[in-house]
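Each chain, written out:
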Amino acid sequence: MPGRATASPLRAAMREILTMEAVPGTIVAIRVAGQPPYGAALGWRDPHAAASLALDDRFYVYSISKTLLAATTLRLASAGKLALDAPIADYLPEVTLPAPVTIRQLLGHTAGLPDYGGVPEYAAAVRATPETPWTAAEFLARTLPRGLLFPPGTGWAYSNIGFLLIRQLLERVTGEPLDILLHRALFAPLGLQQTAVAATLADAASLTPGWSTFLDPAGDLADVTPRYHPGWVSHGVVTATAPELAQLVEAIITGPLLSADDRATLLTPTILPFAHPQFRQPAYGLGVMLDPGSPHGLIAGHAGGGPGHSAAAFHFAALGGQPTTIVALANRDRDDVALRIVFAVADLIAGATGNS
């Protein structure tokens, strides 16, 4: 755990990033060698500094949800309920794709599927009707006709629509909706009480306010959680506290939620053909961002961001000589702000132990 010599610089580094990005507040949770987490809440629930953030405040984790979907898929594969190298059409015959795409390719973003995230039509629809998301059928109908970006298995391209198909696969194979499935497979075994899938605006009512200019035509900063429907995240979105998210991600990456074989499958890297400011060797496994070139051992986890919230959760195999999981949640949607906080904290821990 960070000692007193580390805690003060840690807060200073967090505060510097918050100030630079005009983010009201952040919560960080750190687990070292599987011990109970050290938590720090810094800043405010609002831009006017009227109320402080608390360690048990809940946030959208956005694309960190992909890691949870991947872990659940691997558990079902180990149980013989599906085959990773089978075409998704074997399970979802109603979905028409230009070429056979496997489950493994969907999980690793190597299927060549397009995405909707940067499409103007999607952003315009979210702004016009934030309370009324597209249905799954609409997401597919508006995205898949763009065609494959490359033959499946020959490249890498991030695709939320691929994980929508994974969600549909999981619900089809188990006969359970995503909220019940993830609770039974992941949340309940760890005794998590404040981690859940948000499916409605009512489910988001207890989240910490999330500040954004995205939904305001004038570009004014506003809390979007009462208006932004979680259904706009096509593959489903989880909400969590920082300490519970740290426990959950660590349990996926190091055990006990996955077998050793399944963890090896999850963490098998596809090296990515681009640079990233936080990663020495950017790579992607199955639903996890990876850095196999880090001086701190393998780094594995995911970042997430969307209207109002930014999130990041990463496990460092040997940070300061010890396995360490760091989570950051922030209440404004600035690009990768939570990811930068995680790595700023990691740098401080490594520096304090002489392992930077």
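1. Quick notes on the environment of T254
Point 1. Inspection of the secondary structure puts T254 in the loop between α8 (242–253) and α9 (260–266).
Point 2. By relative accessible area, which is 36% here, T254 ends up partly exposed.
Point 3. Each C-alpha atom, one on T254 and one on P323, is 9.4 Å from the other, the two residues being 69 residues apart in sequence.
Point 4. Discounting residues that sit within four places of it in the chain, T254 has contacts with R263 and H315.

2. Side note on the sheet that holds strand β4 (residues 196–198)
Point 1. Read from one edge to the other, the open sheet built from three strands follows the order β3-β7-β4, with strand pairing classed as antiparallel. Sheet topology places β3 (59–60) and β4 at the edges, where each strand pairs with a single neighbour.
Point 2. Here β4 runs beside strand β7 (residues 237–240); their pairing, made up of three bridges, is antiparallel. Each residue of the ladder has a partner; that of V197, found in β7, is V238.

3. Some points on the packing of helix α5 (residues 136–143) against helix α6 (residues 160–174)
Point 1. It is the contact of α5 with α6, at a shortest axis distance of 11 Å, that shows an interaxial angle of 145 degrees. Here the hand of the crossing between α5 and α6 comes out left-handed. Here A136, F139, L140 and T143 of α5 come into contact with α6, specifically with I161, L164, L165 and Q168.
Point 2. Residue composition of the contact of α5 with α6, by class: six nonpolar, two polar and no charged.

4. Here's the deal with the sheet that holds strand β2 (residues 38–43)
Two orientations exist for strands paired in a sheet by backbone hydrogen bonds: parallel and antiparallel.
Point 1. Ordered in space as β2-β1-β13-β12-β11-β10-β9-β8, the eight strands form an open sheet in which the pairing is antiparallel. Each edge of the sheet is formed by a strand with only one pairing partner; in this case those strands are β2 and β8 (270–271).
Point 2. Two elements, strand β9 (residues 283–284) and strand β10 (residues 289–291), share two bridges in a ladder whose sense is antiparallel. Paired with A283 across the strands is L290, a residue of β10.

5. So, unusual backbone geometry
Point 1. Backbone torsion omega between G255 and P256 reads 10 degrees, so that peptide bond is classified as cis.
Point 2. Within the secondary structure layout, P256 lies in the loop between α8 and α9.
Point 3. Positive phi, close to 60 degrees, is recorded for H109, a residue that is not glycine.
Point 4. Of note in this structure, D336 is not a glycine but carries a positive phi near 55 degrees.

6. Some remarks on the packing of helix α2 (residues 65–78) against α6
Point 1. Closest axis-to-axis distance for the α2/α6 pair is 10 Å, and the angle between their directions is 40 degrees. Between α2 and α6, the interaxial angle falls into the category oblique. Crossing geometry of α2 relative to α6 is assigned as left-handed. Between α2 and α6, the contacting residues are K66, L69, T72, T73 and L76 on the first element and N160, F163, I166, L170 and T174 on the second.
Point 2. Here the contact of α2 with α6 is built from residues that sort into five nonpolar, four polar and one charged.

7. A short note on the packing of aromatic side chains
Point 1. The tally for this structure, following the rule as stated, stands at 18 aromatic pairs.
Point 2. A centroid spacing of 5.8 Å and a plane angle of 65 degrees characterise the contact between Y122 and W134, whose relative ring orientation is edge-to-face. Note that Y122 is positioned in helix α4 (residues 120–128) and W134 in the loop between α4 and α5, a separation of twelve residues in sequence. By the burial criterion, Y122 is buried, and W134 matches it.
Point 3. Measuring from ring centre to ring centre gives 5.6 Å for F316 and F343, while their planes differ by 65 degrees; the resulting arrangement is edge-to-face. Of this pair, F316 sits in strand β12 (residues 309–319) while F343 sits in helix α10 (residues 337–352), and the two are 27 residues apart along the sequence.
Point 4. On the accessibility criterion, F316 (1% relative accessible area) is buried.
Point 5. Positioned over the ring face of F163 is K66, at 5.8 Å from the centre of the ring.

8. Let's talk about the pattern of salt bridges
Point 1. Inspection of the entire model under this criterion finds ten salt bridges.
Point 2. Residue R31 is joined to E250 by a salt bridge in which the shortest nitrogen-to-oxygen separation is 3.3 Å. In this pair, R31 sits in strand β1 (residues 25–32) while E250 sits in helix α8, placing the two residues 219 residues apart along the sequence.
Point 3. You can call R31 buried: its relative accessible area is 12%.
Point 4. In this structure E250 comes out as buried when scored by relative accessible area, which is 8%.
Point 5. A salt bridge links R142 to E121; the nearest nitrogen and oxygen atoms lie 2.1 Å apart. One end of the pair, R142, is in helix α5; the other, E121, is in helix α4, with 21 residues separating them in the sequence.
Point 6. Here E121 falls in the partly exposed class, since its relative accessible area comes to 39%.

Reading the values: rules and limits
- Counting from 1, residues in each chain are numbered in the order their sequence is written.
- Side-chain atom pairs in this predicted model are given and counted only at pLDDT of 80 or more, local residue features only at pLDDT of at least 70, and totals for whole chains, interfaces and linings cover all residues.
- Hydrogens and water molecules were not included; the side-chain quantities draw on all heavy atoms of the structure.
- Comment: elements are numbered from the N terminus, with helices defined as DSSP H or I runs of at least four residues and strands as E runs of at least two.
- In this scheme, a residue with accessible area under 20% of its type's maximum is buried, one over 50% is exposed, and one in between is partly exposed, where area comes from a 1.4 Å probe on protein chains only.
- We call two residues in contact whenever any of their non-hydrogen atoms come within 4.5 Å of each other.
- DSSP bridges decide pairing: two strands pair if at least two such bridges lie between them.
- Axes here refer to lines fitted to C-alpha atoms; in helices the fit is confined to the stretch in contact. Angles between the N-to-C directions go from 0 to 180 degrees.
- Less than a right angle of anticlockwise turn of the near helix away from the far helix marks a crossing as left-handed, whereas a clockwise turn marks it as right-handed.
- In this count, Pro and Cys sit with the nonpolar residues alongside Ala, Val, Leu, Ile, Met, Phe, Trp and Tyr, while Asp, Glu, Lys and Arg are called charged and the others, Gly among them, polar.
- Orientation categories follow fixed angle ranges, with anything under 35 degrees roughly parallel, anything over 145 roughly antiparallel, 65 to 115 roughly perpendicular, and all other angles oblique.
- By convention, a stacked pair of Phe, Tyr or Trp rings (six-membered ring in the case of Trp) has centres within 6.5 Å and planes under 30 degrees apart, an edge-to-face pair has planes over 60 apart, and any other such pair is tilted.
- By definition here, charges over rings are those cases where NZ of Lys or CZ of Arg is within 6 Å of the ring centre and within 35 degrees of the ring normal.
- We count a salt bridge whenever a side-chain nitrogen from Lys or Arg sits within 4 Å of a carboxyl oxygen from Asp or Glu.

By themselves, these are just geometric observations and shouldn't be taken as functional.
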